[in-house]
Amino acid sequence: LTIPCEMCIRDRARTHAAGAAAASGRRGFKGNLGDPCMSCDDRSKDAECVPCGCVGTCKACLDSWLRTAGAAATCLICQGLITGSTFFNNPHKRA
């Protein structure tokens, strides 16, 4: 498993968010639990950023992002400051 760099994560997140927003007809995109992770595309989304509520990545990728960015971590979807995170037991795990 290779952890992508910050620039790769942001580029992939913007691409996924823009495509999903266009498909749904909405300007913003919060993401859905169980969809593919925007960062690794290997696991399902099971992590929510606090306080914005965006769901874009799996727990492993969000943990890695928070360790890398530290106190300056921003949401990959809405660019809001992340002050915490919530993780879910995802019933739709991808193999």
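Below, the structure is looked at part by part. (Residues numbered from 1 in each chain as written. Predicted model: local features only at pLDDT ≥ 70, side-chain atom pairs only at ≥ 80, totals over all residues. Heavy atoms only, no water.)

## Comments concerning the pairing of strand E1 (residues 47-50)
Which entries qualify depends on this criterion: To sort residues, take the accessible area from a 1.4 Å probe on protein chains only and compare it with the maximum for the residue type: under 20% means buried, over 50% means exposed, and anything in between is partly exposed. Helix and strand definitions follow DSSP, with helices as H or I runs of at least four residues and strands as E runs of at least two, each counted in order from the N terminus. Paired strands, as defined in this entry, are two strands with at least two bridges between them according to DSSP.
Taking every second residue as pointing to the same face, the buried face of E1 carries Ala47 and Cys49, while none of Glu48 and Val50 on the other face is buried. In this structure, E1 lies alongside strand E2 (residues 55-57), joined through 2 bridges in antiparallel fashion. Bridge assignment links Ala47 to a residue of E2, and that residue is Thr57. Remark: 4 residues form the turn of the hairpin made by E1 and E2, two consecutive strands paired antiparallel; Gly53 in that turn has positive phi of roughly 85°. Two strands pair when backbone bridges link them, and E1 and strand E3 (residues 84-87) are joined in this way by 4 bridges, in the antiparallel orientation. Among the inter-strand pairings, Cys49 is bridged to a residue of E3, identified as Ser85.

## Quick word on the environment of Cys78
Definition in use: Two residues qualify as a contact provided that any one of their heavy atoms is within 4.5 Å of a heavy atom in the partner residue.
Mapped onto the elements, Cys78 comes out in the loop between helix H2 (59-69) and E3. Using a relative accessible area of 40% as the deciding quantity, one classes Cys78 as partly exposed. For the pair Cys78 and Cys54, spaced 24 residues apart in the sequence, the C-alpha separation amounts to 7.5 Å. What Cys78 contacts, discounting residues up to four positions off in sequence, is Cys52 and Cys54.

## Things to note about the sheet that holds E2
Note the threshold: Lines are fitted to the C-alpha atoms to define the axes, a helix being fitted only along its stretch in contact, and any angle between axes, read from their N-to-C directions, falls within 0 to 180 degrees.
Reading across from one edge, E2-E1-E3 is the order of the 3 strands in this open sheet, with antiparallel pairing throughout. Edge positions in the open sheet fall to E2 and E3, since each of these has one partner strand only. Going across the sheet, the axis of each strand differs from the next one's by a mean of 45°, ignoring polarity. Along the sheet face, H2 touches E1, E2 and E3 and points at about 165° away from the line of E3.

## A short note on the nonpolar core
For the record, the criterion: Among buried residues, those of type Ala, Val, Leu, Ile, Met, Phe, Trp, Tyr and Cys that are joined through side-chain atoms within 4.5 Å constitute a nonpolar core.
In terms of nonpolar packing, the biggest core is built from 11 residues, these being Met38, Ala47, Cys49, Cys54, Leu62, Trp65, Ala73, Cys75, Leu76, Ile77 and Ile82. At the level of elements, E1 and H2 are the ones that each hand at least two residues to this core.

## Things to note about the packing of aromatic side chains
Using the following cut-off: For Phe, Tyr and Trp, where Trp contributes only its six-membered ring, two rings pair if their centres lie within 6.5 Å, and the inter-plane angle classes them as stacked under 30 degrees, edge-to-face over 60, or tilted in between. Note on geometry: a ring has a charge over it if NZ (lysine) or CZ (arginine) is within 6 Å of the ring centre and within 35 degrees of the ring normal.
With the rule as written, the count across this model stands at 0 aromatic pairs. Here the basic side chain of Lys59 rests over the ring of Phe87, its NZ or CZ set 4.7 Å away from the ring centre.

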